[in-house]
Amino acid sequence: MFIKVLGSAAGGGFPQWNCNCANCSGLRNGTIQAQARTQSSIIVSDNGEDWVLCNASPDISQQIAHTPELIKKGVLRGTAIGSIILTDSQIDHTTGLLSLREGCPHQVWCTPEVHADLTSGFPIFTMLQHWNGGLQHHALTPLEPFRVDVCPSLQFTAIPILSNAPPYSPYRDRPLPGHNVALFIENTANGQTLLYAPGLGEPDAVIMPWLEKADCLLIDGTVWQDDELLATGVGKNTGKAMGHLALAEEQGLMALLASLPAKRKILIHINNTNPILNEQSPQRDYLAQQGIEVSWDGMAIHLQEFAS
């Protein structure tokens, strides 16, 4: 299985355009050691040539420009993106669909709840009907495995996770199970497995078995502490209110990761305020000591070594 991180930051990217927190100003001024990041999305493939896009970041055009694998050779116009899977209806995971309009129609997999949000409060499906057939919706049912034509060896399972619906959704603060899913991806040819969960508010009995059997975790690393936005002076929302499990809380993400057997544990969807973005911070050192990696834009992950 081939995985490439197109964007590793949370909403707003890093540095965030209107933020002068210690991280954002430090990156701009060159006073911290850090890398700029676009908003989170990944691509996966079973052959390294045809790809499934998981979430469509607002930065998708920039990401494609820096990803040679997505340029389809031998055609005047085209893309190596064969299918798109959405894990939620958040702005930072769906707005990029608008930038892909010239390539319509696109095959888009998402839950009925996500599709409802994207045809009402943020009607991307409705708008893009005017571009060559728009977005062709394929309904995915949580916990029922499915495949896409472009990568036949990959089997996807959407796992409901406890998080939140977008601020524009009528289900904000009372989400249904289909509003947020993780993706368990298995290469059925060799047994390699990945769990992709860029939004995780709380582990529960549904997600835990999938976390425990994945070879590689590519998982929500949004905030270091739950009150991080308040502590840095840039906001009032807690990580939990936004639907994210903080890393350093007593029963936070680091404690969860320590209990899991995955061979690789990699953080994605990292907020601009998170001190782990500073590569010389004590928090970053602590992650390294725990064997937890921090993804970056362009990071390639190959799971051949996990083949059975």
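Basis of the calculations
- Along each chain, residue indices are assigned from 1 in the same order as the chain's sequence is written.
- In keeping with the model being predicted, local features are shown solely for residues with a pLDDT of at least 70 and side-chain atom pairs are shown and tallied solely at 80 or more, while totals for entire chains, interfaces and linings include all residues.
- The basis for every side-chain value is the complete set of non-hydrogen atoms in the structure, without hydrogens or water.
- UniProt positions are given in the numbering used here, feature names are shortened, and annotations may be inferred rather than shown by experiment.
- Between any two strands, pairing holds if DSSP finds at least two bridges.
- Put simply, DSSP H or I for four residues or longer makes a helix, DSSP E for two residues or longer makes a strand, and each gets a number counted from the N terminus.
- Here, axes are lines fitted to C-alpha atoms. For helices the fit covers the stretch in contact, and angles between N-to-C directions go from 0 to 180 degrees.
- It only takes one pair of heavy atoms within 4.5 Å for two residues to be counted as in contact.
- Note on classification: 1.4 Å probe, protein chains only; a residue is buried when its accessible area is under 20% of the maximum for its type, exposed when over 50%, partly exposed between these limits.
- Note on definitions: salt bridges are taken to be side-chain nitrogens of Lys or Arg within 4 Å of carboxyl oxygens of Asp or Glu.
- In this description, a nonpolar core means a group of buried Ala, Val, Leu, Ile, Met, Phe, Trp, Tyr and Cys residues linked to one another through side-chain atoms lying within 4.5 Å.

- Where an unreviewed UniProt entry is consulted, the chain appears under the name Coenzyme PQQ synthesis protein B, with the organism given as Candidatus Pantoea floridensis.
- As recorded by UniProt, the Function (unreviewed entry) comment attached to the chain reads in full: "May be involved in the transport of PQQ or its precursor to the periplasm."
- Under the heading Pathway (unreviewed entry), UniProt records this for the chain: "Cofactor biosynthesis; pyrroloquinoline quinone biosynthesis."

1. Regarding the sheet that holds strand 9 (residues 193–197)
Right, so step 1: Spatial ordering of the open sheet is given by 7-8-9-10-11-12, a layout of 6 strands whose pairing is mixed. In the strand order of this sheet, the two ends are held by strand 7 (154–160) and strand 12 (292–294), each with one partner. Taking each pair of neighbouring strands and ignoring which way they run, the sheet shows an average axis angle of 20 degrees.
Right, so step 2: Of the pairings in the sheet, the one linking strand 9 to strand 10 (residues 216–220) comprises 4 bridges and is parallel in character.

2. Examining the sheet that holds strand 4 (residues 81–85)
Right, so step 1: Here 7 strands make up an open sheet; going across it, the order is 6-5-4-3-2-1-13 and the pairing mixed. For this open sheet the edge positions go to strand 6 (135–139) and strand 13 (300–302), each flanked by a neighbour on one side alone. Each adjacent strand pair in this sheet contributes to an overall mean axis angle of 25 degrees, direction not counted.
Right, so step 2: Sheet topology places strand 2 (residues 41–45) next to strand 3 (residues 51–54); 3 bridges connect them, and they run antiparallel. Counterpart to Ile43 in the pairing with strand 3 is Leu53.

3. Here we look at the environment of Pro166
Right, so step 1: Note on placement: Pro166 falls in the loop between strand 7 and strand 8 (181–187).
Right, so step 2: Taking the C-alpha atoms as reference points, Pro166 and His66, separated by 100 residues in sequence, lie 29 Å from one another.
Right, so step 3: Residues within four places of Pro166 in sequence aside, it is in contact with Ser89, Gln90, Asp117 and Arg172.

4. Things to note about unusual backbone geometry
Right, so step 1: Along the chain, Phe14 connects to Pro15 via a cis peptide bond; the corresponding omega equals 0 degrees.
Right, so step 2: By secondary structure assignment, the location of Pro15 is in the loop between strand 1 (2–7) and helix 1 (22–29).
Right, so step 3: Each neighbour pair has its own omega, and for Cys104 with Pro105 the value is 5 degrees, a cis peptide bond.
Right, so step 4: Residues other than glycine seldom take positive phi values, yet Asn55 does so here, at roughly 80 degrees.
Right, so step 5: The exposure class of Asn55 is buried, given its relative accessible area of 0%.

5. Observations regarding the pattern of salt bridges
Oppositely charged side chains are able to pair whenever their charged atoms sit close together.
Right, so step 1: Tallied over the full model, the rule gives 4 salt bridges.
Right, so step 2: In this structure, the salt-bridge partner of Arg264 is Glu293, at a minimum N-O distance of 2.7 Å. With Arg264 in strand 11 (residues 264–268) and Glu293 in strand 12, this residue pair connects regions lying 29 residues apart in the sequence.
Right, so step 3: For Arg264, a relative accessible area of 19% translates into the label buried.

6. Regarding the pairing of strand 2
Right, so step 1: Most of strand 2 sits out of view: 5 of its 5 residues are buried.
Right, so step 2: Going residue by residue along strand 2, you find Ser41, Ile43 and Ser45 tucked away on one face and Ile42 and Val44 tucked away on the opposite face as well.
Right, so step 3: Alignment of strand 1 against strand 2, held across 5 bridges, turns out to be antiparallel. The residue of strand 2 that forms the bridge with Lys4 is Ile43.
Right, so step 4: In textbook terms, the turn of a hairpin is the stretch between consecutive antiparallel strands, and for strand 2 and strand 3 this stretch comprises 5 residues, one of which, Gly48, has a positive phi near 80 degrees.

7. A short note on helix 1
Right, so step 1: Among the residues making up helix 1, those that are buried are Asn23, Cys24, Ser25, Gly26 and Leu27.
Right, so step 2: Remark: Gly30 follows helix 1 within two positions and exhibits a positive phi of approximately 75 degrees.

8. Points about the UniProt feature "domain: Metallo-beta-lactamase" (unreviewed entry) in the chain
Right, so step 1: The UniProt entry lists residues 51–270 under the feature "domain: Metallo-beta-lactamase" (unreviewed entry), expressed in the numbering used here.
Right, so step 2: Between the end C-alpha atoms of residues 51–270 there is a gap of 24 Å, over a span that is 20% helix and 22% strand.

9. With respect to the nonpolar core
Right, so step 1: By size, the foremost hydrophobic cluster in this structure holds 38 residues, and its most contacted members are Leu195, Leu211, Leu253 and Leu267.
Right, so step 2: The set of elements that each furnish at least two residues to this core consists of helix 1, strand 8, strand 9, helix 7 (208–213), strand 10, helix 10 (253–258) and strand 12.
Right, so step 3: Ranked by residues supplied to this core, first place goes to helix 10 with 4 residues.
Right, so step 4: Beyond its immediate chain neighbours, meaning those up to four positions away, Leu211 contacts Leu195, Leu217, Ile219, Leu256 and Leu260.
Right, so step 5: Counting residues in each nonpolar core, the second largest holds 29 residues, with Trp109, Cys216, Ile268 and Leu303 among its members.

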